[in-house]
Amino acid sequence: MTAMAEPSRFLPPLSPRDFRRIGGFVSEVSGIKLPPAKRAMVEGRLRRRVRGLGFADFSAYCRFVFDDGGLEQEAVHIIDAVTTNKTEFFREPDHFRVLTGLALPHLAPPGRVRPVKLWSAACSNGAEPYTLAMVLAEYAGSHPGFDFAIAATDLCTEVLRTAALGIYPEAEIEPVPPALRRRYLLRSRDRSRGKVRIAPELRAKVRFLRLNLMDQTYGVKGPFDVIFCRNVLIYFDKPTQAAVVARLCDHLAPGGFLFLGHSETVAGFGMKLRPVAPTVFVKE
Ligand SMILES: C[S@@+](CC[C@H](N)C(=O)[O-])C[C@H]1O[C@@H](n2cnc3c(N)ncnc32)[C@H](O)[C@@H]1O
């Protein structure tokens, strides 16, 4: 490592060669493709890390990472920097209507004793699994005996920290209907902080862990009745998408429901998944 540099120092731009090295590593580990147009994004997101470690430029950082044994230390930071974690509560709201209107009556007929098991794969900062938890808690209120458990996973460690805390700026909970806000969100005593926290009984329903969808085996215990894997396949090429969907299918119970993002599909993958609503599939 070089001597500490001023955190605000000017850094020369990330060269195409160094960008290719970073992109090759990211693609191999996470499946995320970084086309040349993403060079400025990667440069912007890694700049603070490179400066903070005191490197004079990206080339020195890349030499440290790829030639001098720094990869083990830096892998998490590079992956955290390049993942796009855009999410929101009640994103693509039709899916939650399909869940309660179509999937749950089928999966949890009266008399089912086992909890319905859900997996939010690529859960980002927790907005998706906590939305599921609110929707399911409401469902439980009107369906005595209904119970559920949610596993929520992501590759990015930074978002998982936020998710586990369950604390969000008030602006982010705007899409949550007022009645659910009152039931499931706690305001900080000091209103000026402008934060809310997910209620503990809801947090207890969601278990977060780090999981890379590129791994050949997944460290979650299925089979799941419902898997949400939304807005992550778009970052992968087609063969990777097909391989990930095949592994997700292995973790889905027969008759289980798979929810993808609205611009994602399983068409052409030759899998036993029957479409039942836009980007919602049932395992045959
Ligand atoms: C755009 S967010 C989508 C979040 C949420 N599912 C939604 O639709 O709002 C994509 C998430 O996928 C995660 N991700 C990217 N590559 C991944 C991988 N190989 N394994 C697991 N998660 C990954 C990112 O860290 C990011 O949080």
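Here, every reference points to the structure presented above.
An account of the accompanying structure is given in this report. Note that the structure is predicted; figures quoted are calculated from it, not measured. Counting from 1, residues in each chain are numbered in the order their sequence is written. Given that this is a predicted model, residues contribute local features only at a pLDDT of at least 70 and side-chain atom pairs are listed and counted only at 80 or more, while totals for whole chains, interfaces and linings are drawn from all residues.

Remarks on the overall build of the protein chain
Reasoning step 1: Assigned secondary structure in the protein chain consists of 10 helices and 10 strands.
Reasoning step 2: Structurally, the protein chain occupies a C-alpha span of about 65 × 55 × 30 Å along its principal axes.
Reasoning step 3: Within the protein chain, the fraction of its 284 residues that count as buried is 38%.
Reasoning step 4: Intrachain contacts of the protein chain at a sequence separation of at least 6 include 74% that bridge at least 24 residues. The helix and strand labels rest on DSSP assignments: H or I over at least four residues marks a helix, E over at least two residues marks a strand, and numbering proceeds from the N terminus. Working definition of burial: number of other C-beta atoms within 10 Å of the residue's own, with buried at 20 or more, exposed at 12 or fewer, and partly exposed in between, all C-beta atoms being placed from the backbone. Contacts here follow a simple rule: the backbone-placed C-beta atoms of the two residues must lie within 7 Å.

Side note on the environment of Phe269
Reasoning step 1: Tracing the backbone through its elements, the reader meets Phe269 in the loop between strand 8 (252–260) and strand 9 (273–277).
Reasoning step 2: The exposure class assigned to Phe269 is partly exposed, which follows from the 16 C-beta atoms found within 10 Å.
Reasoning step 3: The spatial distance from the C-alpha of Phe269 to the C-alpha of Ala246 is 8.5 Å, given a sequence separation of 23 residues.
Reasoning step 4: When near neighbours in sequence (up to four residues on either side) are disregarded, Phe269 contacts Ala242 and Val245.

Re the site of the ligand
Reasoning step 1: Close to the ligand lie 24 residues; Thr83, Thr87, Ala122, Leu155 and Cys156 are nearest.
Reasoning step 2: Among the residues forming the shell around the ligand, the class breakdown is 9 nonpolar, 10 polar and 5 charged.
Reasoning step 3: As annotated, the domain borders come from an automatic or database domain assignment. The residue makeup of the shell around the ligand includes at least three contributed by each of domain 1 (16–82) and domain 2 (94–283). We call a residue near a molecule or strand if the C-beta atom, set from the backbone, is within 6 Å of it. Under the convention adopted here, Pro, Cys and the residues Ala, Val, Leu, Ile, Met, Phe, Trp and Tyr are nonpolar, Asp, Glu, Lys and Arg are charged, and Gly plus all remaining residues are polar.

Observations concerning the sheet that holds strand 3 (residues 167–169)
Pairing between the strands of a sheet comes from backbone hydrogen bonds, and it takes one of two forms, parallel or antiparallel.
Reasoning step 1: Taken together, 3 strands build an open sheet; the order of strands is 3-5-4 and the sheet is antiparallel. At either margin of the open sheet sits one strand with a lone partner, and together these are strand 3 and strand 4 (185–187). If you compare each strand with its neighbour and ignore which way they point, the axes differ by 35 degrees on average.
Reasoning step 2: In short, DSSP must find at least two bridges between two strands for them to pair. Bridge analysis of strand 4 against strand 5 (residues 195–198) gives 3 bridges, and the strand direction is antiparallel. Along strand 5, the bridge assignment pairs Leu185 with Ile198. To define axes, lines are fitted to C-alpha atoms, for helices over the stretch in contact only, and angles between the resulting N-to-C directions are given on a 0 to 180 degree scale.

Some words on helix 4 (residues 71–82)
Reasoning step 1: An ideal rise of 1.5 Å per residue puts 16 Å on 12 residues; helix 4 measures up with 15 Å between its terminal C-alpha atoms.
Reasoning step 2: Buried residues of helix 4: Glu74, Ile78, Ala81 and Val82, and no others. End-on, the buried residues of helix 4 take up no more than an arc of 80 degrees, which puts them together on one face.
Reasoning step 3: Its buried side turned inward, helix 4 meets helix 1 (16–30), helix 2 (39–52) and helix 3 (58–67). Every helix has an expected span of 1.5 Å times one less than the residues it contains. What the arc covers is the set of directions going from the helix axis to the C-beta atoms.

Points about the environment of Val232
Reasoning step 1: If you trace the backbone, Val232 turns up in the loop between strand 7 (224–229) and helix 10 (238–250).
Reasoning step 2: Sequence separation between Val232 and Ala121 is 111 residues; the distance between their C-alpha atoms is 8.9 Å.
Reasoning step 3: Beyond its immediate chain neighbours, meaning those up to four positions away, Val232 contacts Ala122 and Leu213.

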